[in-house]
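Notes for the structure review
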Amino acid sequence: MDYKKTLNLPQTKFPMRADLVNREPAVLNKWEEQGLYNLIREKSKGKPGYILHDGPPYANGNVHIGTALNKILKDIVVKYKTMSGLDAPYVPGWDCHGLPIEHQVMKLLGNEGFKLSQPEIRKRCRQYANKYIEIQKEQFKRLGVLGEWNNPYLTLNYGYEAKIIEAFSQLILKGYIHKRLKPIHWCPVCKTALAEAEIEYKERKSASIYVKFKLDRQWRQVFPESAGQINNPLHVLIWTTTPWTLLANVAVAVHPAFSYRIIRTDRVSLLVMDEERIISLIKQKLGGECVVLKERITGKALEDLAYDHPFLKRRGKIVLADYVSNLEGTGCVHTAPGHGEEDYQTGLKYNLDVLSPVDDKGNFTDSAGEFKGINVFKANRLIIDKLEKDGNLLSEGVISHSYPHCWRCKNPVIFKATKQWFINIDHDQLRTKTLEAIERVNWIPSWGKLRMHNMVALRPEWCISRQRSWGVPIPVFYCQNCGEILATRESLEAVAAMVSKQGADSWFKKRPEEILPSTILCPQCKGRKFRKETDILDVWFESGVSYKAVLKARKDLGFPADLYLEGSDQHRGWFQSALLIAMGCGDDLPYRSVLTHGFMVDGEGKKMSKSLGNLISAEEMVSRSGADVIRLWVTSENYQTDMAYSDEILERMAEAYRRI
């Protein structure tokens, strides 16, 4: 590769006596002509091995400063281990499927994209991924990174895709994977489910409202002393920042051990928690003369009291939940099992309806009545107005709080119940086994162990299904007669065999009868006609399988890896997905050590990102000073913390290089 011709680099901003910008490409060409990487491999044969397993970057754009930092750190480790007398091969890889690539392709296609079939969209995505694999490959090589560039691992290769199917098959046959209706993070813009690793939290202003729910008269039996002092209806008062979820309300949760009292005025009587802060707040909201009745009742005594929904013809009931807080709200929590994880768990306990009248675009469905077709965020104002008109709104305000956003499109997400595929990490003690395994890993820096432990200890089920086109399919079928799921050893092996020979594209082109052996019958009704699952697998599942598809599959590598080295965000991403899959499949730890580095910030300490416009490409950096100065900058930084980059910092590093 002639780097002078291909990169077309501009004049450097920081002129160097060594003329690195122009001289380095000649050095790289010489390395390539000599086959330097292969010569090193030959000389290292027979020596003790050391395997740094490359975490795959997305093939969806030019290499930026953060990715350059990561690759240079890996190159330094590999070269150091090689010079220390070890055989340290480096096999780079790329993450080729998923929303990041499909998102870019659909943007380029515009309206044309909506007219294309799944196979056609997948073809465009494959072309896009292959294009950027080659671009990034040359940009990494220009940074002086040595590796097996002619034989990298790609998640779109047939063999890799077959290993993904194999891992899924092992987990579902062991009982870890199931499908059920459950609330998950959903992006209305990307129209797909999202895992925790695909969520970013940003400040957002939301409505803050206090809403009244009229209790059934049976409350008088629970508060016998207070009953004679109240002539008007008693309402339980809730506080919420998501008015649109009120359409799915089926319960109000109270804490079983907390104490509750009634606040009475001439106009309204309200049931709230017996906390000085709450009572003072509610009296302020009510205004005028308020009487706090003396009778105190525990939340446990309120269980199963019925109430009327504030604007729908629906009855709800009071339930108990330990997560109810006495630090915010009223101590009475609006509960919609279709729109929240804690609400959902409470719903399971009380067998509550899981309502979620919201479509894939975030608009209300027909079952939402007068709100049909309205976007949930736009509906907030309409719902608040209706509550006020009906006399069920006590107070309205605005609150600024941390809210989940989609990592890709940056828009706010919603919690909505949909039928998705999950890995149950509590099945067969997978969570416990994983937590024990974390203790056996060498975490660098050491705080990584606690971070990883807490994330695994607290994480919910892993949602692994996505409603997109570009990825590896979830290889299950449904009986057309009775709807039963078909995922037997025989059916899964048939899919894996097909994918290994023809790739995952074959799933989207072939009919079920062309994939399955004719001997396969429905396990429930013995039917012979099936339809295919339309969801694809989460890309974190795909990259998590790399230990199986790369380390265990290549003879020149080994399992487990000696080192995984990525940014600290991968504690909730690749580090975790690889660990959970490996432990679930019975392969044990995929790595011996895990090293993390910080993120890139600009000279003012702001995080560098495309959205802020302060992200610099690796090519631009090299064109200014040459790769050697960039590598010197990397070695001079404390990688364990966030690292600053600016023109001034680069100029100082160039001066230091001149002195050397």
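For the structure, check the block above.
So, here is what we can say about the structure in this document. Nothing here was measured: the structure is a model prediction, and the numbers come from that model.

Remarks on the overall build of the chain
- What the chain contains, in helices and strands, is 24 helices and 28 strands.
- Across the 660 residues of the chain, 57% fall into the buried class.
- Put simply, of all contacts in the chain between residues at least 6 apart along the chain, 79% involve residues at least 24 apart.
- In the chain, which carries 93 positive and 79 negative side-chain charges, the distance between the mean positions of the two groups comes to 2 Å.

Regarding the sheet that holds strand 21 (residues 477–479)
- The strand order 22-21-23 describes an open sheet built from 3 strands, whose pairing is antiparallel. The open sheet has two edge strands with one neighbour each: strand 22 (485–486) and strand 23 (530–532).

So, the environment of Leu-348
- You can see Leu-348 is positioned in helix 12 (residues 341–350).
- The spatial distance from the C-alpha of Leu-348 to the C-alpha of Pro-337 is 8.4 Å, given a sequence separation of 11 residues.

Let's talk about the sheet that holds strand 17 (residues 414–423)
- Strand order in this open sheet of 4 strands is 5-4-17-19, and the pairing throughout is antiparallel. Lying at the two open borders of the sheet, with one neighbouring strand each, are strand 5 (192–194) and strand 19 (462–463).

What about helix 4 (residues 65–83)?
- The end-to-end C-alpha separation of helix 4 is 27 Å, in line with the 27 Å expected for 19 residues at 1.5 Å each.
- Within helix 4, 14 of the 19 residues are buried, which leaves it mostly tucked inside the rest of the structure.
- Once helix 4 ends, the next one or two residues include Gly-85, with phi positive near 95 degrees.

Some details on the side chain of His-53
- As for its position among the elements, His-53 is in strand 1 (residues 52–53).
- Only 2.8 Å separates the side chain of His-53 from the side chain of Ser-546, close enough to count as a polar contact.
- Residues in contact with His-53, not counting those within four places in the same chain, are Tyr-153, Ser-546, Tyr-547, Val-550, Leu-551, Ala-561, Leu-563, Tyr-564 and Trp-574.

Observations concerning unusual backbone geometry
- Between Ile-444 and the following residue, Pro-445, the backbone shows a cis peptide bond with an omega angle of -5 degrees.
- Turning to its location among the elements, Pro-445 is positioned in the loop between strand 18 (442–444) and helix 15 (447–458).
- Here Phe-559 and Pro-560 are connected by a cis peptide whose omega angle stands at 0 degrees.
- For Lys-191, which is not glycine, the phi torsion reads 55 degrees and is therefore positive.
- Along the chain, Lys-191 turns up in the loop between strand 4 (177–187) and strand 5.
- Even without being glycine, Lys-410 reaches a positive phi, approximately 70 degrees.
- Topologically, Lys-410 is positioned in the loop between strand 16 (393–406) and strand 17.

The rules behind the values
Residues numbered from 1 in each chain as written. Predicted model: local features only at pLDDT ≥ 70, side-chain atom pairs only at ≥ 80, totals over all residues. Heavy atoms only, no water. Helix = DSSP H or I, 4+ residues; strand = E, 2+ residues; numbered from the N terminus. Buried < 20%, exposed > 50% of the residue type's maximum accessible area, 1.4 Å probe, protein only. Contact = heavy atoms within 4.5 Å. Lys, Arg positive; Asp, Glu negative; His and termini not counted. Charge placed at Lys NZ, Arg CZ, Asp CG, Glu CD. Pairing = 2+ DSSP bridges. Expected span 1.5 Å × (residues − 1). Polar contact = N/O pair within 3.5 Å; in protein donor to acceptor, adjacent residues only side chain to side chain.

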